[in-house]
Amino acid sequence: MEQSLKETIRQDPKKILGVNPLDAKVSLSYLTVAFVSLLIGGILGLVQGLERAGLIDLPSWLNYYQVLTAHGLLLLLVFTATFSIGYLYANLSHALGGLLPKVRKFAWVGFVLMIIGVAMAVTMIVLNEASVLYTFYPPLAAHPIFYIGLVFVVLGIWACCAGVFINYRHWRKNHPGQVTPLLAYFTMAVFVLWFFATIGVTIEVFTLIPWSMGLVETTNVMVGRTLFWWFGHTLVNIWYLVAISAWYVFVPKIIGGRHFSDKLIRLVVILVVVLNIPGGFHHQIIDPAISQSIKFLHVFMSLSIAVPSLMTAFAMFAVFERTGRKLGGKGLLGWLKKLPWGDVRFLAPMIAMISFIFGGAGGIVNTSNQLNQVIHNTMWVVGHFHITVGVSVVLTFFGICYWLIPYLAKRKLTPKMNKLGIIQTVIWTVGMIIMSGSMHIVGLLGDPRRTSDTTYGGHEAAAGWIPFEMLFAVGATLLLIGVIIQVYAVFNMMFFAPKGLTEYPVAEPEDDATPAPMWTERWGLWIVLLLAVVAMAYVVPIVDMILNAPPGSPPIRTW
Amino acid sequence: MKLAKYGLVLYLFLALPPVANLLESIMIVHMHMQMPLLIASGFLMGRFFQLKFPRFFEKWNSNGVPGIILFIIVWSYWMIPRAMDEAITIQAVEIFKFISLPLLAGVPLRDSWKKLASVGKDITFVYFILMFLIMGWIYIGSESQVCNNYLLVEQKTVGFGSLAIAACIIIYLLQLIFIDQSEFDEVQKD
């Protein structure tokens, strides 16, 4: 029987009322910052590609390392963080029936703190006082204000974490015996990771501030790097978790199917949360001061993240096949044709998923000790993260935009905009294949990353890299076109698209699905397990680095 | 029973000489990874023994207290530096380690934990928190080697590791106290 209007409003107000306008404003503000930084970061990316290819010479007031630092910081940190916060807060509001007023305040406080922090950090980069690259670990030293800016960014993230935790607790208390909606569950997981990830980098930055001010003479470089990668690698998995939240929850609905299995999805989330922080060590596999046997044990920990990844791959393709067959797909691969390839909301995340197969394979190369020796600090690594972050994560984010932004702005996705989105996705994919592909190959040939000039006086080995570097520039040009289209699409959908209602495409479980068990909600336990795994991974090397510390390094400025 | 088989596989894996050698080569891994994993293998295999000898467990461990005391004694014994040293140097002690930890600690833990009243569980938690804190203090503070086979720096590492474990148990206990556990009970949907 049809529900009466009154009942629907009472039980599921979002169906009729849409997202709370106050919550939509929070998310839209974060998304605005995200896409402004995407535009600036994208332009800097092209500048860098052209300089590297030797096609332009930067003016004397702007150097390659400055551009590289700003590009990394704006895209890897600011764009991804603000996008995921905007997106996840919208999810939380949608799933839990609106944010609590105090939680909204937390989100605004976080927003302001992050803006202040980013402004401080970027100012220092522009003044050429902080060309320390986005990894900002010692011994390269930036101006203290750069680090203080980073502290503000972290405080902003913590404010957002606090908001999510409060809203989650509030819902739990009022819904005994029920599992939290999947979207809220993902949000909780991502912010748990944000919180524990940023602890490492906060400790690092607090040791760097007095060091860069000259109050202490030296700092322990190895500890700094280790704490940075505690954060850095977890950030990777934060993006990954945000991306798979869209794959699991929204993509099935967009193709007209159901989601795979509530229990499996939650298990994947728990595994990612518990296992991922120690993965940071594979970024340091060439570092001295970590013994061989410790590195060997860490290979297990790093590769363990492949388990939830493979579970995800299996589940997603099962959903595709099931849905394709339901829509009339025949034969071994006939179901592939039934998928809505002309819908940008599907195409973008689908290409993202496919690219993750290659990204994941490259990741295994990076994690393996012997293979890492070949590619360490070469352009291969740059190619790797442009395919993982730049395609798997970012294309998913772009795909999300095409329903999230019209929904939040109470507008519609027009067929024209959909077509533009398809064009954007294709340009982006081609650009990235050219750029990332050539980076991978030239990395294997030995071209170093993070180096402004790699002609080495015209040495013949270095000369062999030049054609590939030209290809970087070609790819980067296409990518900038992609960025411009995307930013145009986002702001068009935010302010100019025709008014109307857009669906929030949340997939339902299968009719005969068993509900997720309550033990998945035991966040206290998952956090203790996370801490135990972190302790297993970090106590030995960090104690060793501190007790057997070398004299330490003074601040070094190479630019 | 599937879990019991996994337990056996884990046990056999841990007993492989290269695995045992690798794990025992690092002090903290020996104490805080190999030993707990041996207990875990016994814990998983426990089901097999419970089904095979139900009367034995009923008769000797009806309220879980004897079992948990055995568990505490056996695990505490293996925290003694000399016990670890001997496990490395004397083959018979190594064999005893591979028998005692799964069978005299893991299996009784499996059988006892569900039978224990909450006060028994609390006492167990508090005991281990205190044990790890004191161990941390001794191992970090000691100026001389307590194990012949391991360096001073490894000993300090074990100390910090013990403190980390104590901290994890404390956090776990706090969330048990402050979060209403009935929230997690399954409710039948009508």
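Values in this document were obtained by computation on a predicted structure and should not be read as measured data.

Asker: Mind showing me how you'd approach the overall build of chain A here?
Answerer: Within chain A one finds 20 helices and zero strands. Here the C-alpha radius of gyration of chain A, 23 Å, is about what a compact globule of 559 residues would show, namely 24 Å. Looking at chain A residue by residue over its 559 residues, the buried ones come to 60%. At a minimum sequence separation of 6, the contacts of chain A that also span at least 24 residues come to 85%.

Asker: Even after reading the chapter, I still don't get empty space enclosed by the protein, so can you show me in this structure?
Answerer: Residue and element names in this part refer to chain A. In total, this model carries five cavities of 30 Å³ or more according to the counting rule given. Considering only enclosed or pocket space, the largest cavity measures out at about 660 Å³ in volume. If you go around the largest cavity, you meet 35 residues; those closest to its centre are G45, H71, L75, H386 and M435. Broken down by secondary-structure element, the contributors of at least two residues to the lining of the largest cavity are α3 (21-52), α4 (64-96), α16 (379-408), α17 (415-444) and α19 (466-495). Take the lining of the largest cavity: its biggest share by element is eight residues, from α4. For the lining of the largest cavity, the residue count by class is 23 nonpolar, nine polar and three charged.

Asker: Please clarify how the environment of B:W78 should be interpreted in this entry.
Answerer: Residue and element names in this part refer to chain B. Structurally, W78 can be placed in helix α5 (residues 65-78). Each C-alpha atom, one on W78 and one on S144, is 20 Å from the other, the two residues being 66 residues apart in sequence. Each residue touching W78, except ones within four places of it in the same chain, is listed here: M31, M35, A83, M84, A87, V93, F96, K97, S100 and L101.

Asker: Is there a simple way to explain the interface of chain A and chain B in this structure?
Answerer: For an interface, size is often stated in terms of accessible area lost upon the parts coming together. Taken together, the contacts link 27 residues of chain A with 23 residues of chain B. When the two sides are added together, the surface that chain A and chain B hide from each other amounts to roughly 2,200 Å², 75% of it contributed by carbon and sulfur. Where chain A packs against chain B, one counts zero salt bridges. Across the chain A-chain B interface, the total number found is zero residue pairs in polar contact (both at pLDDT 80 or more). No other element matches the twelve residues that helix α20 (residues 523-547) of chain A contributes to the side of chain A that touches chain B.

Asker: Hey, could you run me through the pattern of salt bridges in this one?
Answerer: Side-chain pairs of opposite charge can arise where the charged atoms are in close proximity. Residue and element names in this part refer to chain A. Throughout the structure, instances matching the rule amount to 17 salt bridges over all chains. A salt bridge links R266 to E521; the nearest nitrogen and oxygen atoms lie 3.5 Å apart. You can see R266 sitting in helix α10 (residues 262-275) and its partner E521 sitting in the loop between α19 and α20, a full 255 residues away along the chain. As far as the burial class goes, R266 and E521 line up, both buried. Taken together, the shared-partner salt bridges in this structure form one network comprising R172, D262, R266 and E521.

Asker: When you look at the confidence of the model for chain A in this model, what are you seeing that I'm missing?
Answerer: Low-pLDDT portions of the prediction should not be read for the details of their coordinates. Residues of chain A with pLDDT of at least 70 account for 97%, and the chain-wide mean is 90. Taken element by element, chain A is modelled with least confidence in helix α2 (residues 13-17) of chain A, mean pLDDT 47, and with most confidence in α17(A), mean pLDDT 96.

Asker: I tried to follow the layout of surface pockets on my own but got confused; where do I start?
Answerer: Gaps between atoms show up when a probe of the same size as a water molecule is rolled over them. Estimated volume of the largest pocket: approximately 2,500 Å³. Lining the largest pocket are 50 residues, and of these A:L529, A:A532, A:M536, B:P36 and B:A40 lie nearest its centre. Counting residues per element, the lining of the largest pocket draws most heavily on α20(A), at twelve residues. A per-class count over the lining of the largest pocket returns 45 nonpolar, five polar and no charged.

Asker: It is not clear to me how the packing of α4(A) against α16(A) should be interpreted in this structure. Could you clarify?
Answerer: Relative orientation and spacing of two packed helices are given, respectively, by the angle between their axes and the distance between those axes. Residues and elements named next belong to chain A. It is the contact of α4 with α16, at a shortest axis distance of 11 Å, that shows an interaxial angle of 40 degrees. One finds that α4 runs oblique with respect to α16. You can see that α4 and α16 cross each other, and the crossing is left-handed. Across from H71, L76, F79, T80, F83, Y87, A90 and H94 in α4, the residues of α16 making contact are H386, V389, V394, F397, F398, I400, C401, W403, L404, Y407 and L408. Here the residues of the contact of α4 with α16 are counted per class, giving 15 nonpolar, four polar and no charged.

Asker: Explain the side chain of A:T451 to me, please; I cannot follow it from the model alone.
Answerer: Residue and element names in this part refer to chain A. Considering the arrangement of structural elements, one finds T451 in the loop between α17 and α18 (460-463). Its relative accessible area of 18% is what places T451 among the buried residues. In terms of polar contacts, T451 uses its side chain to reach the backbone carbonyl oxygen of R449, at 2.9 Å. In this structure, T451 is in contact with R52, Y64, Y65 and Y456, ignoring residues within four places of it in sequence.

Asker: Whenever I open this one, the nonpolar core confuses me. Can you help?
Answerer: Among the nonpolar cores identified, the biggest contains 239 residues, and A:F35 and A:F146 are the most heavily contacted of them. Listed in part, the five residues of the second largest apolar core include A:A516, A:M518, B:I179 and B:F184.

Asker: How should unusual backbone geometry be read in this particular structure?
Answerer: Where the residue is not glycine, phi is negative for most of them; where a peptide bond is considered, it is trans in most cases. Residue and element names in this part refer to chain A. That bond from P138 to P139 is cis: its omega, 10 degrees, falls within 30 degrees of zero. Positive phi outside glycine occurs at F136, with the angle close to 30 degrees. Its place among the elements puts F136 in the loop between α5 (101-126) and α6 (144-174). On the basis of relative accessibility, which here comes to 4%, the residue F136 falls in the buried class. Phi at R450 is positive, roughly 55 degrees, even though this residue is not glycine. Within the secondary structure, R450 is located in the loop between α17 and α18.

Asker: Whenever I open this one, the packing of aromatic side chains confuses me. Can you help?
Answerer: All names here are of chain A. Counted according to the given criterion, the structure contains 56 aromatic pairs over all chains. Measuring from ring centre to ring centre gives 6.4 Å for F491 and F495, while their planes differ by 5 degrees; the resulting arrangement is stacked. Of the two residues, F491 and F495 are both situated in helix α19; the distance of four residues between them amounts to about one turn of the helix. On the accessibility criterion, F491 (18% relative accessible area) is buried. Classification of F495 by relative accessible area gives partly exposed; the value is 48%. For the cation-ring pair, R225 lies above Y137, with the distance from its terminal atom to the ring centre recorded as 4.6 Å. Above the ring of Y185, the side-chain terminus of R266 is found at 4.8 Å from the ring centroid.

Criteria and thresholds
- Residues numbered from 1 in each chain as written.
- Chains lettered and ligands numbered in written order.
- Predicted model: local features only at pLDDT ≥ 70, side-chain atom pairs only at ≥ 80, totals over all residues.
- Heavy atoms only, no water.
- Helix = DSSP H or I, 4+ residues; strand = E, 2+ residues; numbered from the N terminus.
- Rg over C-alpha atoms; globule rule 2.2 N^0.38 Å.
- Buried < 20%, exposed > 50% of the residue type's maximum accessible area, 1.4 Å probe, protein only.
- Contact = heavy atoms within 4.5 Å.
- 1 Å grid on protein atoms, 1.4 Å probe; cavity = no way out; pocket = protein on both sides within 12 Å on 5 of 7 lines; lining within 4 Å.
- Points joined across faces, edges and corners; volume = space filled by probe spheres on them.
- Nonpolar A, V, L, I, M, F, W, Y, C, P; charged D, E, K, R; others polar.
- Buried area = accessible area lost by both parts, 1.4 Å probe.
- Salt bridge = Lys/Arg side-chain N within 4 Å of Asp/Glu carboxyl O.
- Polar contact = N/O pair within 3.5 Å; in protein donor to acceptor, adjacent residues only side chain to side chain.
- pLDDT = per-residue confidence, 0-100.
- Axes fitted to C-alpha atoms, helices over the stretch in contact; angles between N-to-C directions.
- Parallel < 35°, antiparallel > 145°, perpendicular 65-115°, else oblique.
- Left-handed = near helix turned anticlockwise from the far one by under 90°.
- Core = buried A, V, L, I, M, F, W, Y, C linked by side-chain atoms within 4.5 Å.
- Phe/Tyr/Trp six-rings, centres within 6.5 Å; stacked < 30°, edge-to-face > 60°.
- Lys NZ or Arg CZ within 6 Å of the ring centre and 35° of its normal.

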